[in-house]
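Descriptive analysis of the structure
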Amino acid sequence: MSQRSRPLPRRSCLSTPGSSERFLAKAPTATADFSFLDLEDSVAPKEKVAARDKVVAALRTLDWDDRVLCVRVNAWDTPWTYGDVIDVVGRAGERLDEVMLPKVRRASDVVALDLLLSQVERNAGLPEGHVGIEAQIETAEGLINVEEICAASPRLESIVFGPADFAASIGMPVTTIDETLHQGPSTPFSYVFAKILMAGRANGLHVIDGPFLKVRDLDALRYAAGITAAYGFDGKWALTPDQAAVLNEVYSPSQELFDKSLDILDAYRRATQEQLTGAVMFGDEMIDEASAKIATSFVARGRRSGMTRSTS
Ligand code: GLV
Ligand code: MG
């Protein structure tokens, strides 16, 4: 796994088609925690191979600040996966943090990518285990196997829900992914979100929601993103820089939560270093190492969005 990217927040995960030099050049100017250059569904089959050179050039020459940088390769049921990995990761250099594998159906899909990456890293002179993996859950089979998928490789950094392919896989009667899927007493994705979240968290992974396709309706995006933010997801895909700006807000902690998290960390540090105890009262609540871990994650996300502690 990439030591650099693993702890970094992923509130907004910006998707950019790898076949478009214009969109590739614009991507680093968007304020996003994470950018992935796509070789999969946003690239037409006839452009798949040519897109590899464009993606390598973008990875090597553009200024990606410190965001997590990823390439989405094609799924194993296509003719392109191994070529994407060998050609793109082999030439990308150390700045590439992760490879995203779509339509993961079982743990062996991830294991196969892990093995291939190990050889590519050796031949490219990259540190062993440098390239992390993101696995997309986009089919009923993938969802059923998500627990073993999340445990399949130490390279895994994130588990990602792909709602559009998933809706197609289960025969959901919808033609887009919008806020209506989150309305009503029982929503079609409630079980999916909970299952992916538990499997991801049980393995220490970031858990990410996929795209919202009604791209012009930012209020509807805010509503839909609020649902997975409330579950505890770390972030969501953005298809435009405007969507990324909304997501950076939705998946950031409130000022109150940020301040409380800093106070918890202070109290926990005093408890463990001065009072030599692992659990201590914080107001009316008991805190321990788990509380400190939760607080650390909120502080990291808040700092990412430029938050500072309130002075009052
Ligand atoms: C993303 O890949 C999706 O299918 O929603
Ligand atoms: Mg998909």
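In what follows, the accompanying structure is described. None of the values given here were measured: they were computed from a predicted structure.

For the rest of this paragraph, the subject is the overall build of the protein. When helices and strands are counted, the protein shows twelve helices and ten strands. For a compact globule of 312 residues, the expected C-alpha radius of gyration is about 20 Å, and the protein comes in at 20 Å, within 12% of that figure. With the C-alpha coordinates of the protein rotated into their principal frame, the extents come out at 60 × 50 × 35 Å. Counting the 312 residues in the protein, one finds 52% classified as buried. Of the contacts formed within the protein by residues at least 6 apart in sequence, a portion of 75% connects residues at least 24 apart. If you sum the accessible surface of the protein, you get close to 14,000 Å²; carbon and sulfur atoms cover 54% of it. Treating the 34 positive side-chain charges of the protein as one cloud and the 44 negative ones as another, the clouds have centres 3 Å apart.

A few words now on helix α3 (residues 81–92). Given a rise of 1.5 Å per residue, twelve residues ought to cover 16 Å, and the 16 Å separating the end C-alpha atoms of α3 matches this to within 8%. Those residues of α3 that are buried lie in contact with α2 (48–61), β3 (68–72), β4 (98–101) and α4 (107–124). Positive phi shows up at G93, right after α3, with a value of about 85°.

Neighbouring ligand 1 are the residues R72, Q136, E138, G162, P163, A164, D165, P211 and W237. A distance of 2.8 Å separates an oxygen atom of ligand 1 from a polar side-chain atom of E138. It is helix α7 (residues 163–170) that provides the largest number of residues to the shell around ligand 1, a total of three residues. Of the residues in the shell around ligand 1, the class split is four nonpolar, two polar and three charged.

In a packed pair of helices, the relevant descriptors are the angle between the two axes and the axis-to-axis distance. It is at 9 Å that the axes of α2 and α3 come closest, and there the two elements cross at 25°. The angle between α2 and α3 falls in the class roughly parallel. Where α2 crosses over α3, the handedness of that crossing is right-handed. Residues R52, D53, V55, V56, L59 and R60 of α2 form the contact with α3, whose own contacting residues are G83, D84, D87, V88, R91 and A92. Within the contact of α2 with α3, the residues separate by chemical class into five nonpolar, one polar and six charged.

Among the nonpolar cores identified, the biggest contains 69 residues, and L59, V89, I159 and I196 are the most heavily contacted of them. Ranked by residue count, the leading element in this core is α4, at six residues. Formed by ten residues, the second largest nonpolar core is a distinct cluster that contains C13, F36, V160 and I208.

Here eight strands make up a closed barrel; going around it, the order is β1-β2-β3-β4-β5-β6-β7-β8 and the pairing parallel. Between one strand axis and the next, the sheet turns by 25° as a mean value, whatever way the strands run. Of the strand pairs in this sheet, strand β6 (residues 156–161) and strand β7 (residues 206–209) are connected by three bridges, and their pairing is parallel. Counterpart to S158 in the pairing with β7 is H206.

Here we take up the coordination of the magnesium ion (ligand 2). Protein-derived ligands of the magnesium ion (ligand 2) are E138 (OE) and D165 (OD), with the metal-ligand distances lying across 2.0 to 2.1 Å. Of this pair, E138 sits in the loop between β5 (132–137) and α5 (140–144) while D165 sits in helix α7, and the two are 27 residues apart along the sequence.

Parameters and conventions
- Residues numbered from 1 in each chain as written.
- Chains lettered and ligands numbered in written order.
- Predicted model: local features only at pLDDT ≥ 70, side-chain atom pairs only at ≥ 80, totals over all residues.
- Heavy atoms only, no water.
- Helix = DSSP H or I, 4+ residues; strand = E, 2+ residues; numbered from the N terminus.
- Rg over C-alpha atoms; globule rule 2.2 N^0.38 Å.
- Buried < 20%, exposed > 50% of the residue type's maximum accessible area, 1.4 Å probe, protein only.
- Contact = heavy atoms within 4.5 Å.
- Areas by Shrake-Rupley, 256 points an atom, 1.4 Å probe, with all protein chains shown as cover.
- Lys, Arg positive; Asp, Glu negative; His and termini not counted.
- Charge placed at Lys NZ, Arg CZ, Asp CG, Glu CD.
- Expected span 1.5 Å × (residues − 1).
- Near = heavy atom within 4 Å.
- Polar contact = N/O pair within 3.5 Å; in protein donor to acceptor, adjacent residues only side chain to side chain.
- Nonpolar A, V, L, I, M, F, W, Y, C, P; charged D, E, K, R; others polar.
- Axes fitted to C-alpha atoms, helices over the stretch in contact; angles between N-to-C directions.
- Parallel < 35°, antiparallel > 145°, perpendicular 65-115°, else oblique.
- Left-handed = near helix turned anticlockwise from the far one by under 90°.
- Core = buried A, V, L, I, M, F, W, Y, C linked by side-chain atoms within 4.5 Å.
- Pairing = 2+ DSSP bridges.
- Donors = N, O, S within 2.8 Å, 3.2 Å for Na, K, Ca; no water.

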